[in-house]
Amino acid sequence: MSGPTSQRRATRSSFLERLKNWSDQESWRRFTLDYGRVIRASAVKAGLRSDEADDVVQETLLSVARSIPGFIYDRSKGTFEGWVCRIAQLRVIDHLRRRSTPGYETFPTSPPGGAAGAPAPSPVALSTDPFSTRWQELWRENALLAGMESLKRQASPQHFQIFHMSIIDQIDDPDIARILGVSRAHVYVVRHRLARRLQKEIERFRAAEPPGA
């Protein structure tokens, strides 16, 4: 397979290889930022308190860090996101069971397949259960947020304002043109140009490429 899809998969594999190096602080900073927000929001939506959600983030990241050296990326079996989602889901279940079962013994800090002496972990497919569904929705929101943040750094202030008013605030082109004192044609061109750029930034985020690359 060739083309953009295979390139994204190659970039994803490269990013995962960097994560296997615990001293690669930049890759881990990015992973923590990108995934931490989704893990925490998913935990809160699953019914955990704010402090419990913070614990789930730390426990999930610790599980990933301990198991990533043996992680085998095989897209045909699932996704890296699905694997992290499953770990986070187990951590959430831990906290929910602690509430109702005094002395409940939690899951091990390594996810299934990641314990010492066990087969190396591999990707898993995202299921259709409520937790996975919320996870995917939050991941898309996070990708959009990251794309908008990258776009804001690249575009001129006026162009970004036009795009934000159109896409986020959902103001009609004629009204944007009147408010900013520009032509409708200018608004149209800027909106479509930045929409294409935003899509590229979202794809880069999902492939773990550097923003603006």
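Residues numbered from 1 in each chain as written. Predicted model: local features only at pLDDT ≥ 70, side-chain atom pairs only at ≥ 80, totals over all residues. Heavy atoms only, no water.

S.K.: Quick question: what am I supposed to make of the overall build of the protein here?
M.R.: Per the secondary structure count, the protein includes eight helices and zero strands. Across the protein, helices and strands are ordered from the amino to the carboxyl terminus as α-α-α-α-α-α-α-α. Looking at the protein residue by residue over its 213 residues, the buried ones come to 40%. Counting contacts in the protein only where the partners sit at least 6 residues apart, residues at least 24 apart contribute 69% of the total. On the protein, roughly 11,500 Å² of surface is accessible, and the fraction owed to carbon and sulfur atoms is 53%. (Helix = DSSP H or I, 4+ residues; strand = E, 2+ residues; numbered from the N terminus. Buried < 20%, exposed > 50% of the residue type's maximum accessible area, 1.4 Å probe, protein only. Contact = heavy atoms within 4.5 Å. Areas by Shrake-Rupley, 256 points an atom, 1.4 Å probe, with all protein chains shown as cover.)

S.K.: In this structure, what is going on with the packing of helix α5 (residues 130-154) against helix α6 (residues 157-167)? I would like to understand it.
M.R.: Each packed pair of helices is defined by two parameters, the angle between the axes and the distance between the axes. Their axes nearest at 8 Å, the elements α5 and α6 cross at an angle of 150°. By the angle class used here, α5 and α6 are roughly antiparallel. Two packed elements cross with a definite hand, and for α5 against α6 that hand is right-handed. Touching Met-148, Leu-151 and Lys-152 of α5 are Phe-160, Phe-163 and His-164, all from α6. For the contact of α5 with α6, a count of residues per class yields four nonpolar, one polar and one charged. (Axes fitted to C-alpha atoms, helices over the stretch in contact; angles between N-to-C directions. Parallel < 35°, antiparallel > 145°, perpendicular 65-115°, else oblique. Left-handed = near helix turned anticlockwise from the far one by under 90°. Nonpolar A, V, L, I, M, F, W, Y, C, P; charged D, E, K, R; others polar.)

S.K.: I'm lost on unusual backbone geometry in this one. Help?
M.R.: One can expect most non-glycine residues to show negative phi and most peptide bonds to be in trans. Positive phi, normally seen in glycine, also occurs at Gln-170, with a value near 55°. Among the secondary structure elements, Gln-170 is positioned in the loop between α6 and α7 (173-180).

S.K.: How do you make sense of the packing of helix α3 (residues 50-67) against helix α4 (residues 80-100) when you look at a structure like this?
M.R.: Axis separation between α3 and α4 bottoms out at 9 Å; the angle between their running directions is 135°. Put simply, α3 runs oblique to α4. Every pair of crossing elements has a handedness; the one defined by α3 and α4 is right-handed. Note on element contacts: α4 touches α3 through Trp-83, Val-84, Ile-87, Ala-88, Arg-91, Val-92, His-95, Arg-98 and Arg-99, opposite Glu-52, Asp-55, Val-56, Glu-59, Thr-60, Ser-63, Val-64 and Ser-67. Here the contact of α3 with α4 is built from residues that sort into seven nonpolar, four polar and six charged.

S.K.: Is there a simple way to think about the environment of Leu-96 in this case?
M.R.: You can see Leu-96 is positioned in helix α4. The class for Leu-96 is partly exposed, based on a relative accessible area of 32%. Here the alpha-carbon distance between Leu-96 and Ala-46, two residues 50 residues apart in the chain, equals 9.2 Å. Sequence-distant contacts of Leu-96, that is, excluding residues within four places in its chain, are made with Ala-46 and Leu-48.

S.K.: Is there a simple way to explain the confidence of the model for the protein in this structure?
M.R.: Detailed conclusions should not be drawn from predicted coordinates in areas where pLDDT is low. For the protein, per-residue confidence averages 80 on the pLDDT scale, and residues scoring 70 or more make up 78% of the total. Ranking the helices and strands of the protein by mean pLDDT puts α7 first, with 96, and helix α1 (residues 4-19) last, with 65. Counting interchain partners and residues more than four positions distant, the pLDDT-below-50 stretch residues 104-119 has 31 contacts. Contacts from residues 209-213, a stretch scored under 50 in pLDDT, to residues over four places away or in other chains number 15 contacts. (pLDDT = per-residue confidence, 0-100.)

S.K.: Any chance you could explain the pattern of salt bridges here in plain terms?
M.R.: Note on pairing: side chains with opposite charge can pair once their charged atoms come close. Applying the stated criterion across every chain, the model contains nine salt bridges. Where Arg-49 meets Asp-51, a salt bridge forms, and the shortest distance between an N and an O atom there is 3.1 Å. Measuring nitrogen to oxygen at the nearest pair gives 3.5 Å for the salt bridge that ties Asp-94 to Arg-91. Taken together, the residues Asp-94 and Arg-91, both in helix α4 and three residues apart, mark about one turn of the helix. Salt bridges here are not isolated pairs; linked through shared partners, they connect Arg-49, Asp-51 and Glu-52. (Salt bridge = Lys/Arg side-chain N within 4 Å of Asp/Glu carboxyl O.)

S.K.: Where do I start with the nonpolar core in this structure?
M.R.: One broad trend across soluble globular proteins is that nonpolar side chains are buried collectively. Core analysis: the largest hydrophobic core is formed by 47 residues, its most contacted members being Phe-31, Ile-39, Phe-80, Val-84 and Trp-135. If you list the elements that add at least two residues to this core, you get α1, α2 (25-45), α3, α4, α5, α6, α7 and α8 (184-206). For this core, the element with the most residues is α5, which contributes eight residues. Filtering out sequence-adjacent residues up to four positions away, Ile-39 remains in contact with Val-56, Val-57, Thr-60, Leu-61, Val-84, Ala-88 and Trp-135. (Core = buried A, V, L, I, M, F, W, Y, C linked by side-chain atoms within 4.5 Å.)

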